[in-house]
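Secondary and tertiary structure notes
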Amino acid sequence: MAEAVVEWRGAGDGGVLLDGFHAVKHALRFGADVRIALSDDKAAVLRLARGLAPDVVPDLDRLLREVPTQVLHELLLRVHPTGVAALAVRPAREAHMAALADPARPAPVIVLDNPRNLGNVGAVVRLAAGFGATGVVTTGDLDPWHPNVVRAGAGLHYATAVERLTVGTLPPGPLYALDPEGEDIRALTLPDNALLAFGSERHGISPELRERADHLVSLPMRPQVSSYNLATSVAMALFHWGGPAPVERP
């Protein structure tokens, strides 16, 4: 038990907290360098994995350290209902920047212009991963790798490129900014290398981003309805883009 605590504290310096089974599962599936996982009931976590994600059982069995419940609560601000947490290495920024800057990107980059809500950003990361988007870029002072964002994203930061940039350093490509005054998105075809930009929950896109935009586009919305939730807007735009190719099921 003491060795597990020392190992956890050592990995925590700059490590990414994966809070809960689904976050750990997704991180493992998408190649995260997970250094250690903790639970107060290793057998229960492995049973859960065998039922929901048998592909990650070998890695979980290797990484999991069992500690008393009190120790788990001392090490974590809160314990997830699934009773497991892990620490992983944050991906190299250089690799993310190369993927974002690739002119032959096979899928759009989502740009969140000065977002304010950590949970909304995490939900967008989860959407981007599901649709196979190239990445999620934020501007402003919110950290897209904040533990609350990673929690809301269910560990899917490891399935797409998540970085914080300035408007002036956004990746190349045609920028489609969502704005109520823009052209109806249903009349457009969004190219695979597009940047799809969404403003903050309260103020919309910034003047700087509006100036950088190649196209202003709007989502269909009933009159007198003020706005959609940020993650809902991103989902609608990605669905219009098209998403990953259908997978044939046996």
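Residues numbered from 1 in each chain as written. Predicted model: local features only at pLDDT ≥ 70, side-chain atom pairs only at ≥ 80, totals over all residues. Heavy atoms only, no water.

**A short note on the packing of helix α2 (residues 21-29) against helix α3 (residues 42-52)**
Relative placement of two packed helices is described by the angle separating their axes and the distance separating the axes. The criterion, for reference: Axis geometry follows a simple rule: fit a line to the C-alpha atoms, using only the stretch in contact for helices, then measure angles between N-to-C directions, giving values from 0 to 180 degrees. Under the scheme used here, helices are H or I runs from DSSP no shorter than 4 residues and strands are E runs no shorter than 2 residues, and both carry numbers assigned from the N terminus. Note on angle classes: values under 35 degrees are labelled roughly parallel, values over 145 roughly antiparallel, values of 65 to 115 roughly perpendicular, and the remainder oblique. Crossing handedness is defined as follows: a turn of the near helix away from the far one that is anticlockwise and smaller than a right angle gives a left-handed crossing, while the clockwise case is right-handed. For this analysis, residues touch if any pair of their heavy atoms sits within 4.5 Å. Classes in brief: Ala, Val, Leu, Ile, Met, Phe, Trp, Tyr, Cys and Pro nonpolar; Asp, Glu, Lys and Arg charged; the others, Gly included, polar.
Two numbers describe how α2 lies on α3: the axes approach to 12 Å, and their chain directions differ by 60°. Taken together, the axis directions place α2 and α3 in an arrangement best described as oblique. Seen from above, α2 lies across α3 with right-handed handedness. Side by side, α2 and α3 meet where F21, H22 and R29 of the first sit next to L48, A49 and L52 of the second. Looking at side-chain class alone, the contact of α2 with α3 contains four nonpolar, one polar and one charged residues.

**Considerations on the packing of helix α7 (residues 118-131) against helix α10 (residues 230-241)**
Running from amino to carboxyl end, α7 crosses α10 at an angle of 15°, the nearest separation of the two axes being 9 Å. Here α7 lies roughly parallel to α10, going by the angle between them. Considering how the two elements wind past one another, α7 and α10 form a crossing that is right-handed. Residue-level inspection shows N120, A123, V124, L127, A128 and F131 of α7 in contact with α10, the latter providing L230, A231, V234, A235, L238, F239 and W241.

**A closer look at the nonpolar core**
The line we're drawing: Throughout, nonpolar core names a set of buried Ala, Val, Leu, Ile, Met, Phe, Trp, Tyr and Cys residues whose side chains join them through atoms within 4.5 Å. Here the term buried applies to any residue with accessible area under 20% of the maximum for its type, exposed to any over 50%, and partly exposed to those in between, with areas from a 1.4 Å probe on protein chains only.
The biggest cluster of nonpolar side chains holds 54 residues, and the ones touching the most others in it are L18, L60, I110, L112, L196 and F198. Here this core takes six residues from α10, the largest share from any one element. Those residues in contact with L112, other than ones at most four positions away along the chain, are V121, V124, V136, V137, T138, T139, F198, L230 and V234. Core analysis: the second largest hydrophobic core is formed by 15 residues, A161, L165, L175 and A213 among them.

**Looking at the pairing of strand β6 (residues 135-138)**
The test is simple: Note: two strands are recorded as paired if DSSP finds a minimum of 2 bridges between them.
By the alternation rule, side chains of β6 split into G135 and V137 and V136 and T138, which are all buried. Relative to β6, strand β5 (residues 109-112) runs parallel, the two being bridged by four bridges. The partner of V109 across the bridge, within β6, is G135. Bridge count for β6 against strand β7 (residues 161-164) is four bridges, and the pairing is parallel. What sits directly across from T138, in β7, is R164.

**Quick word on the sheet that holds strand β10 (residues 215-218)**
Strand order in this open sheet of six strands is β7-β6-β5-β9-β8-β10, and the pairing throughout is parallel. The strands lining the two open edges of the sheet, one partner per strand, are β7 and β10. Each strand of the sheet is rotated relative to its neighbour by a mean of 30°, with strand direction disregarded. Bridging between strand β8 (residues 175-184) and β10 involves five bridges; their strand directions are parallel. Note that in β10 the partner of L178 across the bridge is V217. The sheet contacts of helix α6 (residues 93-101) involve β5, β6 and β7, and relative to β7 the element is tilted by about 100°. In this fold α10 packs onto β5 and β9 (195-198), with an angle of close to 155° to the strand it touches most, β9.

**What to know about the pairing of β5**
As a reminder of what qualifies: By convention a crossover is right-handed if, when the strands point away from the viewer, the path from the first strand over the helix to the second runs clockwise.
Of the two faces of β5, the one carrying V109 and V111 and the one carrying I110 and L112 are both buried. You can see the chain leave β5, run along α7 and come back into β6, and the turn it takes is right-handed. Inspection of the sheet shows β5 paired to β9 by four bridges, in the parallel sense. Counted as the bridge partner of V109 is L195 from β9.

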